[in-house]
Amino acid sequence: MTAVVVVGAQWGDEGKGKIVDIFTEHADMVVRYGGGPNAGHTLVVGDDKLVVRLIPSGILRPRTTCVLAQGMAIDPASLVNELDELGKRGLLRGAGSLVVSDRAHAILPYHVLVDTLREQAPGALGTTKRGVGPCYEDKAARRGIPLGALRDLGRTEALVARALSCWTPTVAALGGTPPSLREVMDRLRPAAERVVPLLGETSKIVERAVRDDRRVLFEGAQGTLLDIDHGTYPFVTSSHSTAGGACTGVGVGPSRIDEVVGLVKAYCTRVGGGPFPTELIDDVGDLLRKRGDEYGSVTGRPRRTGWLDLPALRYAVRVNGLDSLALTKLDVLSGLDTILVCVAYRTPAGITDDLPIDDIDRATPVYEPMRGWKEDLAGARTMSSLPDAARAYVGRIEREVGCPVALVSVGFRRDETIMLRNPFGS
């Protein structure tokens, strides 16, 4: 395989950081294709923990080229801060190891301000308040700031002035005070000095890598059920977080993609508002949150937790065209006597095996119990070393959704993994 897409199959936070890090051992290039600093991917190597929000998880691999593609929304100041943190840890490499699309759009202070003010208003969506949504709004309204504009700060200033004039009434209506043009530019200039040398035509770079049979990993952000078109609208992100977003966000054709891997937790989590039918608001939910360290890596907010939703996972398999699954945090379920699994939904029209995404507020999960296990899974490195009940759980997921499991994660560490098949064939 040459080109592999890794995509979240739930509401995000499925453990993409660890899994992408593992897969990039065999990759020549890893590409972030959407989202922005609202995505936090946690990497744990040995006793060292690192959270990356913009730079791909493959940064830990010394021979892997990292690319931020044009489908992303990038805060230049946040990118510089992340570069500085990586530099302190000795993880930054030479020229060409990180390339940023000159067509990705810039998140600027007024985007963050609008996002924050909206989250203080009634009916807030529960965003990360990083300015991602307003940035994509500007992009769709044709008044955004592509990073390539930073090569000419005079042009940038004119574009910022235009955008600020459009946002000023919104900020005032929300009770805020917009930053001045000078304030925005004073913050942007030093960041531009650091970002401009990293800019390039990433679509061409990635296409050439695929054509030359280099191994390219496309790293998604958020998850399928947060996709702007296919998620639980309006409680969704502002970008395409399904596998199709890899093609539009990078600028490569769908025929270039060889395999799509869907990441799924052994249970479900969600951050912020929106429907979550299998949510557990009880001691079991609290237990999963504590054991799984279910707190947002970007916001620190506690994640909502719930039982695994098989209809939702079948939906993710369909809309992404998943070829395989990477199952994470199986170890978190250890110690439970009984594990419930959502196998269908009861709706006003009857029971359905499908996810009733357009009528989800009126749907009730149908659960079936499965036997739990007591054993600690952290030392397991093969399926045969798992308890019978844990193997049965993995097997049922495969059968119910019609997609094989290629990897099982049994702990936070890189080595706490059962690798059944590497998508790159190594």
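Here the structure, examined in full by the defined rule, presents 2 aromatic pairs. Between the NZ or CZ atom of Arg 143 and the centre of the ring of Trp 167, over which it lies, the distance is 5.2 Å.

Moving on to helix 5 (residues 153-173). Working note: α-helix, 3.6 residues per turn, so residues spaced by three or four point in the same direction. The terminal C-alpha atoms of helix 5, which comprises 21 residues, lie 30 Å apart, in line with the 30 Å expected from a rise of 1.5 Å per residue. Its axis deflected by about 35° at Trp 167, helix 5 carries its strongest bend there, up to four residues before the proline Pro 169. Every buried residue belonging to helix 5 is among Thr 156, Val 160, Ala 163, Leu 164, Trp 167 and Val 171, and all of these are buried. Measuring from the backbone nitrogen of Gly 154 back to the side-chain oxygen at the start of helix 5 gives 3.1 Å, which picks out Asp 152 as the cap. Gly 175, located one to two residues past helix 5, shows a positive phi value of around 85°.

Let's shift gears to empty space enclosed by the protein. All told, the structure shown has 1 cavity of 30 Å³ or more when counted by the stated rule. Space inside the largest cavity adds up to approximately 70 Å³. Taken together, Asp 75, Pro 76, Ala 77, Ile 107, Leu 108, Pro 109, Val 184, Arg 187, Leu 188 and Ala 191 make up the full set of residues lining the largest cavity. For the lining of the largest cavity, the secondary structure elements donating two or more residues are helix 2 (76-88) and helix 6 (181-195). The element best represented in the lining of the largest cavity is helix 6, accounting for 4 residues.

On to the side chain of Asp 115, then. Within the element layout of this structure, Asp 115 appears in helix 3 (residues 109-119). Buried and unpaired, Asp 115 has no salt bridge, with Arg 118 as the nearest side chain of opposite charge at 6.0 Å. Of the polar contacts made by the side chain of Asp 115, one reaches the backbone nitrogen of Gly 131; its length is 2.9 Å. The residues touching Asp 115, leaving out its near neighbours within four places in the chain, are Thr 127, Lys 129, Arg 130, Gly 131, Val 132 and Pro 134.

This paragraph deals with the environment of Ser 409. By secondary structure assignment, the location of Ser 409 is in strand 19 (residues 405-409). Residue Ser 409 is classed as buried on the basis of its relative accessible area, which comes to 3%. Once the C-alpha coordinates of Ser 409 and Lys 18 are considered, the two residues, 391 residues apart in sequence, prove to be 9.0 Å apart. Not counting residues up to four positions away in its chain, the partners in contact with Ser 409 are Lys 18, Leu 327, Thr 328, Lys 329, Leu 330, Asp 331 and Glu 416. Polar side-chain contacts of Ser 409 include one of 2.8 Å to the side chain of Lys 18. Side-chain polar atoms of Ser 409 contact the backbone oxygen of Gly 411, separated by 3.2 Å.

Right, let's get into the nonpolar core. Ranked by size, the top nonpolar core spans 60 residues in total, and within it Val 206, Phe 218, Leu 330 and Tyr 393 carry the most contacts. The dominant element in this core, judged by the number of residues it contributes, is helix 11 (residues 388-401), at 6 residues. Setting aside residues up to four positions removed in sequence, Val 206 forms contacts with Met 29, Val 31, Val 67, Val 216, Phe 218, Val 250 and Val 252.

With that settled, consider unusual backbone geometry. Going from Tyr 233 to Pro 234, the amide bond is cis rather than trans, its omega being 5°. Mapping Pro 234 onto the fold places it in the loop between strand 10 (216-219) and helix 8 (244-250). Even without being glycine, Lys 129 reaches a positive phi, approximately 60°. Residue position: Lys 129 is located in the loop between helix 3 and helix 4 (132-140). The phi dihedral of Gln 222 is positive, around 55°, even though this residue is not glycine.

Reading the values: the criteria
- Numbering of residues begins from 1 in every chain and follows the order in which that chain's sequence is written.
- With the structure being a predicted model, the display of local features is reserved for residues of pLDDT at least 70 and the display and counting of side-chain atom pairs for 80 or more, all residues being used for whole-chain, interface and lining totals.
- No hydrogens and no water enter the side-chain calculation; it runs on all heavy atoms of the structure.
- Any two of the Phe, Tyr and Trp rings considered here, Trp counted by its six-membered ring, make a pair once their centres fall within 6.5 Å; the pair's planes then place it as stacked at under 30 degrees, edge-to-face at over 60, or tilted in between.
- Only when the NZ of Lys or the CZ of Arg is both within 6 Å of the ring centre and within 35 degrees of the ring normal is a charge said to sit over the ring.
- Comment: elements are numbered from the N terminus, with helices defined as DSSP H or I runs of at least four residues and strands as E runs of at least two.
- A helix is expected to span 1.5 Å multiplied by its residue count minus one.
- One axis is fitted to the seven residues ending at the residue and one to the seven starting there. The bend at that residue is the angle between these axes.
- Remark: exposure states derive from per-residue accessible area (1.4 Å probe, protein chains only) relative to the maximum for the residue type, with buried under 20%, exposed over 50%, and partly exposed in between.
- Any pair of N or O atoms that falls within 3.5 Å is considered a polar contact. Within protein, one atom must be able to donate a hydrogen and the other to accept it, and sequence-neighbouring residues count only if both atoms are side-chain atoms.
- With a 1 Å grid laid over protein atoms only, a set of points is called a cavity when a 1.4 Å probe fits there but cannot get out and a pocket when it is open yet has protein on both sides within 12 Å along at least five of seven lines; lining residues have an atom within 4 Å of a point.
- Grid points are joined across faces, edges and corners, and a volume is the space filled by probe spheres set on the points.
- Here Asp and Glu are counted as negative and Lys and Arg as positive; His is not counted, and neither are the chain ends.
- Criterion for a salt bridge: a side-chain nitrogen of Lys or Arg within 4 Å of a carboxyl oxygen of Asp or Glu.
- The contact rule is simple, with two residues in contact once any of their heavy atoms fall within 4.5 Å.
- In this description, a nonpolar core means a group of buried Ala, Val, Leu, Ile, Met, Phe, Trp, Tyr and Cys residues linked to one another through side-chain atoms lying within 4.5 Å.

Distances and angles like these do not, on their own, reveal function.
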